[in-house]
Amino acid sequence: MKRIIVIAGHYGSGKTELAVSLAMQLSAEKDRLFPRLAVVDLDIANPYFRSRERMQLLREHSVSLYADAFDSTGTTAELPALTAALRAPLEDEGCRTIVDLGGNDAGARVLKQFSKYFQGDGHELWAVVNFRRYETLTVENARAHVEAIQRELDMPVTGLVNNTHLLRETAPEILREGWEKAKALSEQMKIPLLFTCYPAGLVSPEQLAGIAPLMPLGLYMRPAYLDK
Amino acid sequence: MTTDKVLMKGNEAFAEAAIRGGARLYFGYPITPQSEVPEYMSRELPKVGGCFIQAESELGAINMAYGAGAAGGSVFISSSSPGIALMQEGMSFLCSAEVPLLAMNVSRGGPGIGGIQPGQADYYQVTRGGGNGDYHIPVFAPASIQEAVDLLYEGTELAQTWRNPIMVFTDGMVGQMMEPVKLPDYKPVLKPSEIAAARNWACTGYTDRGGDKERRVVKSLRMQPEKLEEHVEKLFEKYARAEKELARWESENLKGAEVVFVSFGTTARICREAIEILASRGVKAGLIRPISLWPFPNKAFDEIDFGTTKAVISAELSMGQMITDVQLALNGRLPVFLAHRTGGMVPTSPEVAARAQAVLEGLK
């Protein structure tokens, strides 16, 4: 895994859940390749459910979080004013950095002003796909979204992440269905399928025999009362 | 065809449900937290032969809805709190002129520009209305994306049946969150040439009406007091029927409950979690969830177990607005208390449970 991981994808594909889960997992690693760890929240398209809402949790786990210009008081601001400080983790060779983009090509656009950090090969661009989202039910539609993101950023997507799910209604067969489509998408686009996410606690790895590699996700972003 | 369960963001699902329910015209102006609705409509309506127009403001949008509705179009509009406030004058005009409209308020914190996090402080706005004169708008408050989808799907037909605006009132949390939903099949829609016959009051011009030369007038101006009174009396016969036919609610755990929550939308889901917390502490709590806010489901309150229930708590994302209707429905039968947060803050279920315990303790 390269130093900078940029996470893009369709609205609601699960980018933020993946970014927060990945940061939490990396923060627990003992032998770190990079001593520092940061999440850069570049979602200026959406005012709700952004990684900055989990700022406290991330900071408790020594993950630095960079978002808008208003720091913690800005969690509900929808001003597209980014803090200049977020260039720090992009420049810091000792900092593993996860960049959480907004949804779709429109939400990814904001990355372009930081393109100088993505000229070399020190980064990866992941596209998250959920084949149970209404607008990406088919390989063809998912492909159109991934292509739109590549066009917008003028950067190749280096890896696909299968995050097919229905929140708490996610069942192993739903994941398997999504995995089949993700493999087809990967083959068509000649982009490697990096891993398949599954909601830890709802589905166990044993139920997903044959699907590899797997990545457990927490449901950090969803308040419990929403499942009542 | 009805879809399999798919994951959708509230706002996208609302827009898709309105289209599947037959809405073909949308006029709007973006405002958080519902801007995905106009975004979706601008992209999807033209694909089904519909029309999207971004108005210059919410005042423009509601008056476009008035005109298009008067011509027999199936119109859907949406906005959020301050935007709905701007539409109030138009709502009164539509009610007076008996023009159908499906409207949605994805509400946020107020007053004023307020904030962009969820709120329910538009309760008075949507149930009482800020427009002038004697009128009512049926208001439905879904607690899940699926329920919102079902109500919006039904909404276009309901608005036509009652020849009145129908409002779906939800909050920013439901608009912004994701949930698995089943989308119902597309309803058949009238061809423009069929509107004149099917909606025999609509101002379609003479073109599609064969030999029929009767003038059709859609208006809200009535200069003779006798005529205006007669018209309002007629409207209120309709509203009286609506009060009987449109009251909807859901009740849970009322039998043997010591305390009953009354709440709608997002807050009802928090109350459900609070009820579980209270049960684990040996306190039996129930829930009345009004689905229609106007007409308010007064009958639901007759189902309370008056032998065991000591208090009723109106749980709201406001300083207490629905509580007035709860008090009217109970008519002094039980003391009514408030559990609330406002300004875009959402109470946690332990907070709501603690409030219920404090209320019961205070009554001892």
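Owing to the predicted nature of the structure, the values given are computational and were not obtained by experimental measurement. (Residues numbered from 1 in each chain as written. Chains lettered and ligands numbered in written order. Predicted model: local features only at pLDDT ≥ 70, side-chain atom pairs only at ≥ 80, totals over all residues. Heavy atoms only, no water.)

1. Regarding the overall build of chain A
Reasoning step 1: A tally of regular secondary structure across chain A gives six helices and eight strands.
Reasoning step 2: For chain A, the succession of helices and strands along the chain, N to C, is β-α-β-α-β-α-β-α-β-α-β-α-β-β.
Reasoning step 3: Against the compact-globule benchmark of 17 Å for 228 residues, chain A has a radius of gyration of 17 Å, which places it among compact chains.
Reasoning step 4: A principal-axis box enclosing the C-alpha atoms of chain A has dimensions of 45 × 40 × 35 Å.
Reasoning step 5: Of the contacts formed within chain A by residues at least 6 apart in sequence, a portion of 74% connects residues at least 24 apart.
Reasoning step 6: Accessible area of chain A: about 9,500 Å², with a carbon and sulfur share of 52%. (Helix = DSSP H or I, 4+ residues; strand = E, 2+ residues; numbered from the N terminus. Rg over C-alpha atoms; globule rule 2.2 N^0.38 Å. Contact = heavy atoms within 4.5 Å. Areas by Shrake-Rupley, 256 points an atom, 1.4 Å probe, with all protein chains shown as cover.)

2. Things to note about the domain arrangement of chain B
Residue and element names in this part refer to chain B.
Reasoning step 1: By domain assignment, chain B separates into domain 1 (6-181) and domain 2 (249-363).
Reasoning step 2: Taking only C-alpha atoms into account, the centre of domain 1 sits 27 Å from that of domain 2.
Reasoning step 3: At the interface, 28 residues of domain 1 touch 24 residues of domain 2.
Reasoning step 4: Summed over both sides, the interface of domain 1 with domain 2 buries roughly 2,200 Å², with 53% coming from carbon and sulfur.
Reasoning step 5: By the criterion of area lost to domain 2, the three top residues of domain 1 are Gln120, Tyr123 and Ala143, representing 31% of everything that side buries.
Reasoning step 6: At the boundary of domain 1 and domain 2, one finds 18 residue pairs in polar contact (both at pLDDT 80 or more). (Domains from an automatic or database assignment. Buried area = accessible area lost by both parts, 1.4 Å probe. Polar contact = N/O pair within 3.5 Å; in protein donor to acceptor, adjacent residues only side chain to side chain.)

3. Overview of helix α3 (residues 58-70) of chain B
Count 3.6 residues to each turn of an α-helix, and residues three or four apart come out pointing the same way.
All names here are of chain B.
Reasoning step 1: Between the first and last C-alpha of α3 there are 18 Å, a value that for 13 residues agrees with the 18 Å anticipated at 1.5 Å per step.
Reasoning step 2: Taken together, the buried residues of α3 touch β2 (25-28), β4 (75-79), α4 (81-86), α5 (88-97) and β5 (101-107).
Reasoning step 3: N-cap assignment for α3: the residue whose side-chain oxygen lies 3.1 Å from the backbone N of Leu59 is Ser57.
Reasoning step 4: One or two positions beyond α3, positive phi appears at Gly72, with a value near 95°. (Expected span 1.5 Å × (residues − 1).)

4. Observations concerning the packing of aromatic side chains
All names here are of chain B.
Reasoning step 1: Under the criterion given, the structure shown has 10 aromatic pairs over all chains.
Reasoning step 2: Judged by centre distance (6.2 Å) and plane angle (90°), the ring pair of Tyr66 and Phe93 falls under edge-to-face. With Tyr66 in helix α3 and Phe93 in helix α5, this residue pair connects regions lying 27 residues apart in the sequence.
Reasoning step 3: For Tyr66, a relative accessible area of 15% translates into the label buried. (Phe/Tyr/Trp six-rings, centres within 6.5 Å; stacked < 30°, edge-to-face > 60°. Buried < 20%, exposed > 50% of the residue type's maximum accessible area, 1.4 Å probe, protein only.)

5. What about the nonpolar core?
Reasoning step 1: With 116 residues, the main nonpolar core has Phe76, Ile77, Met91, Leu101, Phe261, Phe301 and Val326 of chain B as its most contacted residues.
Reasoning step 2: Per-element tally for this core: the top contributor is helix α7 (residues 145-162) of chain B, with eight residues.
Reasoning step 3: Looking at which domains feed residues into this core, each of domain 1 (6-181) and domain 2 (249-363) of chain B gives three or more.
Reasoning step 4: Those residues in contact with Leu101 of chain B that sit more than four places away from it in its chain are Ile62, Ala65, Val75, Ile77, Met91, Leu94, Ala159, Asn164, Pro165 and Ile166 of chain B.
Reasoning step 5: Among the nonpolar cores identified, the runner-up in size contains 32 residues, and Val40, Phe131, Val139 and Val146 of chain A belong to it. (Core = buried A, V, L, I, M, F, W, Y, C linked by side-chain atoms within 4.5 Å.)

6. A word on the pairing of strand β8 (residues 214-217) of chain A
Residues and elements named next belong to chain A.
Reasoning step 1: The side-chain alternation of β8 yields one buried face, formed by Met215 and Leu217, and one unburied face, formed by Leu214 and Pro216.
Reasoning step 2: Relative to β8, strand β7 (residues 193-199) runs parallel, the two being bridged by four bridges. Looking at the pairing, Thr196 lines up with Leu214 of β8. (Pairing = 2+ DSSP bridges.)

7. Comments concerning the pairing of strand β5 (residues 123-129) of chain A
Residues and elements named next belong to chain A.
Reasoning step 1: Along β5, seven of the seven residues are buried, which leaves the element largely enclosed by surrounding structure.
Reasoning step 2: Going residue by residue along β5, you find His123, Leu125, Ala127 and Val129 tucked away on one face and Glu124, Trp126 and Val128 tucked away on the opposite face as well.
Reasoning step 3: Across six bridges, the pairing between strand β1 (residues 4-9) and β5 is parallel. Across the sheet, Ile7 pairs through a bridge with Trp126, a residue of β5.

8. What about the sheet that holds β1 of chain A?
All names here are of chain A.
Reasoning step 1: What the eight strands build is an open sheet, ordered β3-β2-β4-β1-β5-β6-β7-β8; its pairing is parallel. Each edge of the sheet is formed by a strand with only one pairing partner; in this case those strands are β3 (64-66) and β8. Each strand axis lies, on average, 25° off the axis of its neighbour in the sheet, ignoring direction.
Reasoning step 2: Across four bridges, the pairing between β1 and strand β4 (residues 95-101) is parallel. Its bridge partner lying in β4, Ile4 is registered against Thr97.
Reasoning step 3: Sheet strands touched by helix α6 (residues 172-189): β5, β6 (159-162) and β7. Its angle to β7, the strand with the most contacts, is close to 165°. (Axes fitted to C-alpha atoms, helices over the stretch in contact; angles between N-to-C directions.)

9. With respect to the interface of chain B and chain A
Reasoning step 1: Each partner contributes residues to the interface: chain B has 36 residues there, and chain A has 24 residues.
Reasoning step 2: Both sides together, the interface formed by chain B and chain A hides about 2,600 Å², and carbon and sulfur atoms give 55% of it.
Reasoning step 3: Counting every contact that joins chain B to chain A gives three salt bridges.
Reasoning step 4: With a closest N to O distance of 2.7 Å, Lys5 of chain B and Glu169 of chain A form a salt bridge.
Reasoning step 5: Linking chain B to chain A there are nine residue pairs in polar contact (both at pLDDT 80 or more). (Salt bridge = Lys/Arg side-chain N within 4 Å of Asp/Glu carboxyl O.)

10. Examining the packing of helix α11 (residues 265-280) of chain B against helix α13 (residues 349-363) of chain B
Residue and element names in this part refer to chain B.
Reasoning step 1: The N-to-C vectors of α11 and α13 enclose an angle of 60°; their axes lie 8 Å apart at closest approach. Looking at the two axes, α11 sits oblique to α13. Crossing angle aside, the handedness with which α11 passes α13 is right-handed. Contacts between α11 and α13 involve Ile270, Cys271, Glu273, Ala274, Ile277 and Leu278 on the former and, on the latter, Ser349, Pro350, Val352, Ala353, Ala356 and Gln357.
Reasoning step 2: When the residues that make up the contact of α11 with α13 are grouped by side-chain class, the tally is nine nonpolar, two polar and one charged. (Parallel < 35°, antiparallel > 145°, perpendicular 65-115°, else oblique. Left-handed = near helix turned anticlockwise from the far one by under 90°. Nonpolar A, V, L, I, M, F, W, Y, C, P; charged D, E, K, R; others polar.)

11. A look at the side chain of Glu98 of chain B
All names here are of chain B.
Reasoning step 1: Take Glu98: it is sitting in the loop between α5 and β5.
Reasoning step 2: A distance of 2.9 Å separates a polar atom in the side chain of Glu98 from a polar atom in the side chain of Lys238.
Reasoning step 3: Once residues lying within four places of it in the same chain are set aside, the contact partners of Glu98 are Arg163, His231, Lys234, Leu235 and Lys238.

12. Some points on the sheet that holds strand β3 (residues 51-54) of chain B
All names here are of chain B.
Reasoning step 1: Pairing is mixed across the open sheet formed by seven strands, whose spatial order is β3-β2-β4-β5-β7-β6-β12. The open sheet terminates on both sides in strands that have one partner only, identified here as β3 and β12 (292-294).
Reasoning step 2: Bridge count for β4 against β5 is four bridges, and the pairing is parallel. Along β5, the bridge assignment pairs Ile77 with Ala103.

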